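# A structural walkthrough
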Amino acid sequence: MTGLTGLTTPLPERLILTDDPMRAGMLAAHWLDNAARIYELRGMVGYTGRYKGAEIALLSFGYGVSAALLYLHDAAGLGARRVVYIGECFSHSADVFVRDVVVPEGGDATLLRLALAVSKEHGIPVKALPVETDDRFFLGEALPSAEVTDFASAAIAGYAAGHGIAALSVLTVSRNTKNGEAVEEHERQSRFHDAARLAFEVLVLRNT
């Protein structure tokens with residue numbers, strides 16, 4: 001893995017991370033004003049632009065804990081200080097449905113509070129829950145021990161807490177292992193507008 005090899009210009013303090021590079025491109029096109037591609041290497045992409053006047057960077061990193069940590073580490077070195085990860089998760093509960101928006105409880109407490117306030121203001125249903133990060137589950141090599149499993153959020157939160165970064169994850173349920181329901185592949189790349197709106201709004205709000 002290469003991370004942000006060759007990118008030397010500073011990044012804005014506000015950063016969106018996502019795993020899928022196609023999703024990154026769609027997020028940049030839909031949510032950023034004056035979006036410009038600043039990075040492209042081995043399938044991963046990065047953009048900068050503005051949302052409600054605030055400068056924001058948006059990076060894809062691939063999948064899994066190692067990739068997330070590599071890109072977050074490089075982004076932090078280039079100036080990122082407030083990070084929201086937009087990703088997917090699996091539900092193992094009859095009470096957490098496909099397309100639900102889940103915010104893990106282990107992220108930055110201030111950003112979590114802002115996310116819940118944004119959810120009320122914009123009418124976005126959000127479930128704040130414990131989320132287990134285990135990318136072995138994606139390969140069928142681990143059994144879940146929580147209602148929700150994802151593949152990066154706990155690692156992002158842990159790194160951020162140790163490096164003076166405020167980080168939050170906003171996840172959309174893409175599969176329910178209880179009933180077998182799942183979203184189609186094209187929807188995984190292009191939909192999840194509620195999660196995106198929540199993420200961008202949290203990034204630009206003040207810590208009040």
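Heads up: these notes are all about the structure in this document. Given the structure is predicted, the values throughout are model-derived calculations rather than measurements.

### Here's the deal with the pairing of strand S1 (residues 14-18)
By the criterion of burial, S1 is predominantly enclosed, with four of the five residues buried. Here S1 runs beside strand S4 (residues 54-60); their pairing, made up of five bridges, is parallel. Residue leucine 17 lies in a different strand from S4, and its bridge partner there is leucine 59. Sheet topology note: the S1/strand S5 (residues 82-91) ladder contains five bridges and is parallel. Its bridge partner lying in S5, threonine 18 is registered against isoleucine 86.

### Quick word on unusual backbone geometry
A positive phi angle, near 55°, is found at asparagine 34, a position not held by glycine. Considering the arrangement of structural elements, one finds asparagine 34 in strand S2 (residues 33-41). By relative accessible area, which is 69% here, asparagine 34 ends up exposed.

### Digging into the packing of helix H1 (residues 21-31) against helix H6 (residues 193-204)
As a packed pair, H1 and H6 sit with axes 12 Å apart at the nearest point and diverge in direction by 65°. Between H1 and H6, the angle falls in the class roughly perpendicular. Between H1 and H6 lies a crossing whose hand is right-handed. Seen from H1, the contacting residues are Leu27, His30 and Trp31; seen from H6, they are His193, Ala196, Arg197 and Phe200. Its residues assigned to classes, the contact of H1 with H6 shows four nonpolar, two polar and one charged.

### Things to note about the nonpolar core
Ranked by internal contacts, the top residues of the largest apolar core, which has 71 residues, are Leu4, Ile16, Leu17, Leu58, Leu198 and Phe200. For this core, the leading source of residues is H6, giving eight residues. Excluding residues within four positions of it along the chain, leucine 4 makes contact with Leu11, Tyr39, Leu59, Tyr71, Asp74, Ala75 and Leu78.

### Quick word on the packing of aromatic side chains
Per the stated rule, a full pass over the model turns up five aromatic pairs. Aromatic pair tyrosine 51 and phenylalanine 200: ring centres 5.3 Å apart, planes at 45°, arrangement tilted. Residue tyrosine 51 is located in strand S3 (residues 44-51), and its partner phenylalanine 200 is located in helix H6; the two are separated by 149 residues in the primary sequence. Per residue, the accessibility class of tyrosine 51 equals that of phenylalanine 200, and both read buried. Measuring from ring centre to ring centre gives 5.7 Å for phenylalanine 61 and tyrosine 85, while their planes differ by 45°; the resulting arrangement is tilted.

### Here's the deal with the pattern of salt bridges
In total, this model carries six salt bridges according to the counting rule given. Note that arginine 23 and glutamate 88 form a salt bridge whose closest N and O atoms lie 2.5 Å from each other. Here the residue arginine 23 occupies a position in helix H1, and glutamate 88 occupies one in strand S5, the gap between them amounting to 65 residues. On the basis of relative accessibility, which here comes to 3%, the residue arginine 23 falls in the buried class. Owing to a relative accessible area of 4%, glutamate 88 belongs among the buried residues under this scheme. Measuring nitrogen to oxygen at the nearest pair gives 2.7 Å for the salt bridge that ties lysine 127 to aspartate 100. Of this pair, lysine 127 sits in strand S7 (residues 126-129) while aspartate 100 is found in the loop between S5 and strand S6 (101-104), placing the two residues 27 residues apart along the sequence. Here lysine 127 falls in the partly exposed class, since its relative accessible area comes to 26%. We classify aspartate 100 as buried; its relative accessible area is 16%. The network of salt bridges with shared partners includes Asp19, Arg23 and Glu88.

Rules and cut-offs
- Residues numbered from 1 in each chain as written.
- Predicted model: local features only at pLDDT ≥ 70, side-chain atom pairs only at ≥ 80, totals over all residues.
- Heavy atoms only, no water.
- Buried < 20%, exposed > 50% of the residue type's maximum accessible area, 1.4 Å probe, protein only.
- Helix = DSSP H or I, 4+ residues; strand = E, 2+ residues; numbered from the N terminus.
- Pairing = 2+ DSSP bridges.
- Axes fitted to C-alpha atoms, helices over the stretch in contact; angles between N-to-C directions.
- Parallel < 35°, antiparallel > 145°, perpendicular 65-115°, else oblique.
- Left-handed = near helix turned anticlockwise from the far one by under 90°.
- Contact = heavy atoms within 4.5 Å.
- Nonpolar A, V, L, I, M, F, W, Y, C, P; charged D, E, K, R; others polar.
- Core = buried A, V, L, I, M, F, W, Y, C linked by side-chain atoms within 4.5 Å.
- Phe/Tyr/Trp six-rings, centres within 6.5 Å; stacked < 30°, edge-to-face > 60°.
- Salt bridge = Lys/Arg side-chain N within 4 Å of Asp/Glu carboxyl O.

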